[in-house]
Amino acid sequence: MDNDLLQISLYVACLIALTPLTGIYMARVFEGKLSSIPLLGYPERLFYKICGVKPEVETGWKEYAGNLLIFNLIGLIVLFLLQLFQSRLPLNPNHAADVEWTLAFNTAVSFVTNTNWQSYAGETAMGNLVQMAGFCVQNFLSAATGMAAAVALFRGVIRNNTRIGNFWVDMTRATTYILLPLSLVLALVLVQQGVVQSFSANQEATTLEGVKQIIPMGPAASQIAIKQLGTNGGGFFNANSAHPFENPTPLSNFIEMLAILMLPAGFVYTYGVMVNQKKHAWVLYSVMMVIFLTGLSVSLWSEYKAGGVVGRIAMEGKETRFGTANSILWSCATTAASNGSVNAMQESLSPLSGSVALFNMLLGEIIFGGLGCGMYGMLLFVLLAIFISGLMVGRTPEYLGKKIERKEIQLVCIGIIAPSAVILLGTALACVLPAALSSLSAKGPHGFSEILYAFTSAAANNGSAFAGLTANTKFYNLSLGISMLIGRFAVMLPCLALAECLAVKQSVPASSGTLPVNNLVFALLLIGVILIVGALTFLPSLVLGPVVDHLLFLNGGLKF
């Protein structure tokens, strides 16, 4: 137990220490300070010249959003077609067949929306070309898209005109200066630790019992690096980061877990630097960290309590190489960020631990959250908290000098309600359709939890799953694919519109009635708003699923 606490303390300490370093660096990137360095900026300027991009020309939110949507639509179509015709493509050592169209649609949407939900076994269902030119490329581009949208909102907070940036410039800088170099370094570290990076054909081995076994090979390390840093989460192998070729050592396990939250945590500080409000950024960071550590504590307590119920520490489905604590820490980190990678079976968590992972996503993945999208999702709750405080004192609320009025709150409400509605409506529909119910591996509250988790993971763009649900069916491929699209763009587009709404407002000086956003009172108010909105929206569903499942578990030591 002492060793577990030491590892968790070291993890949190490293995360906090890296936050200002990565935050300042990313702020300098998006402020264009690295682009002005001749040697570093040359590839960026060359790209603009080749593509005909005018980096000095900024746009309003509609053109910014239009470019973003067109870019992502092209990526979706290309990835969809790569899967449909992969049997005729090169670099297919496992002779993977063409993918059925509903699965291809689901997977294409999944990687374009930074969800990386996988209803297939990567090492057998996909060839290397699809893995590299399709999935790995989209891991970079979807992460960069989220960062670009967040930075546009940051500019809206501090500007006094209708221009919120240039999408092509933001995408290029996010990819060139942040994601590519960090992924290269991490991939080399992972290769040194034993993560496979090869174009060799699958190897055949004979076990000591005389049984022949196929050992899959492939360019995994390059994809694992960006899947963690970009909060993507899609595994090269079916077992994801529980596979020894993806996560071979205790050090690789620690580094991969740290990579999940490193950039999302740093992005909070990036916001503070860009809007010149570092103290406010630390308040937001503290709110995220408190909720994260609270969930982690509850989850750890539940797992060790579960061990007492069944007479031992329940290791079924856990990562036996690294222990229960590392399995739980990973489950909390991957659901706090919109990452979705796993080093243990989420469905094997005790019901209360599973509900913590579920609740992390139900909050909107704002506890650090996805790269970029976690920060703009948190800002929606910040504006909602400030608006509520303004109603309490009977004055127009202000945020960093910008008045928050009806139009801004309407956009905030759309961004918060849209994914929540998708989760609840999708779950309700799946509970009444025989085609959906036939995919369940469990009945009763745990079966309900499987369905709720699937739609939550999709709408929150997380990608993890309670694997007892057979999701590779026409119903789930299509319904979850649509949920991913709404969960991604029904939040991102209102945030871009919100950026322009804030940008056109003239800043007003703070007065005695202005709510301070740099103190403990605001932090407690924000935590209260987040938890109350989450509780009011999802408490009935949580009671029907994980809560009842937990009570049954305590009563009999088993899941039902």
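The shown structure was predicted, so the numbers you read here are calculated from the model rather than taken from an experiment.

Draft legend 1. Summary view of the overall build of the chain. A count of helices and strands for the chain gives 18 helices and four strands. In terms of overall size, the chain behaves like a compact globule, its C-alpha atoms giving a radius of gyration of 23 Å where 560 residues would be expected to give roughly 24 Å. Burial analysis of the chain (560 residues in total) assigns 59% to the buried set. Within the chain, residue pairs in contact and separated by at least 24 positions form 78% of the contacts whose partners lie at least 6 positions apart. Side-chain charges in the chain split into 29 positive and 26 negative, and the spacing between the mean points of these groups amounts to 10 Å.

Draft legend 2. View of unusual backbone geometry. If you check the backbone angles, Leu400 has positive phi at about 50 degrees while not being a glycine. Note on Leu400: relative accessible area 24%, which makes it partly exposed. Although it is not a glycine, Asn461 adopts a positive phi angle of roughly 55 degrees. Along the chain, Asn461 falls in the loop between helix 16 (444–459) and helix 17 (474–503). Judged by its relative accessible area of 6%, Asn461 is buried.

Draft legend 3. Region of the structure containing a nonpolar patch on the surface. Side chains of Leu539, Val543, Val547, Val548 and Leu551 sit close together on the surface and give an oily, nonpolar patch of about 380 Å² of accessible area. On the secondary structure map, Leu551 appears in helix 18 (residues 520–556). For Leu551, a relative accessible area of 53% translates into the label exposed.

Draft legend 4. Spotlight on the confidence of the model for the chain. When pLDDT is averaged across the chain, the result is 88; 96% of the residues are at 70 or more. Between residues 309–313, whose pLDDT stays under 50, and residues either more than four places distant or in other chains, the model counts nine contacts.

Draft legend 5. Structural view of the pattern of salt bridges. Counting across every chain of the model gives eleven salt bridges. The salt bridge partner of Arg28 is Glu31, with a shortest N-O separation of 3.2 Å. Residue Arg28 is classed as partly exposed on the basis of its relative accessible area of 30%. With a relative accessible area of 33%, Glu31 lands in the partly exposed category. When the shortest N-O distance is used, the salt bridge between Arg173 and Glu44 registers 2.9 Å. In this pair, Arg173 is assigned in helix 7 (residues 167–193) and Glu44 in helix 2 (residues 38–51), connecting sequence segments 129 residues apart. For Arg173, a relative accessible area of 14% corresponds to the buried category.

Draft legend 6. Quick look at the pairing of strand 1 (residues 203–206). In the sheet, strand 1 pairs with strand 2 (residues 212–215) via four bridges, with the strands oriented antiparallel. Note on strand 2: the bridge partner recorded for Gln203 is Ile215. Between strand 1 and strand 2, which pair antiparallel one after the other, the connecting turn spans five residues, and Gly210 there sits at a positive phi close to 85 degrees.

Draft legend 7. Just the environment of Asn247, in detail. For Asn247, the position within the fold is in the loop between helix 8 (221–229) and helix 9 (250–274). When the C-alpha positions of Asn247 and Gly194 are compared, they lie 8.0 Å apart, and in sequence the two are 53 residues distant. Once residues lying within four places of it in the same chain are set aside, the contact partners of Asn247 are Ser241, Ser252, Asn253, Glu256, Arg321, Phe322, Trp330 and Asn343. Within polar-contact distance, the side chain of Asn247 engages the backbone oxygen of Ser241 at 3.0 Å. Polar contacts involving the side chain of Asn247 include one to the side chain of Ser252, which spans 2.7 Å.

About the criteria used
Residues numbered from 1 in each chain as written. Predicted model: local features only at pLDDT ≥ 70, side-chain atom pairs only at ≥ 80, totals over all residues. Heavy atoms only, no water. Helix = DSSP H or I, 4+ residues; strand = E, 2+ residues; numbered from the N terminus. Rg over C-alpha atoms; globule rule 2.2 N^0.38 Å. Buried < 20%, exposed > 50% of the residue type's maximum accessible area, 1.4 Å probe, protein only. Contact = heavy atoms within 4.5 Å. Lys, Arg positive; Asp, Glu negative; His and termini not counted. Charge placed at Lys NZ, Arg CZ, Asp CG, Glu CD. Patch = residues over 30% accessible without salt bridge, like charges linked within 9 Å, V, L, I, M, F, W, Y side chains within 5 Å. Areas by Shrake-Rupley, 256 points an atom, 1.4 Å probe, with all protein chains shown as cover. Salt bridge = Lys/Arg side-chain N within 4 Å of Asp/Glu carboxyl O. pLDDT = per-residue confidence, 0-100. Pairing = 2+ DSSP bridges. Polar contact = N/O pair within 3.5 Å; in protein donor to acceptor, adjacent residues only side chain to side chain.

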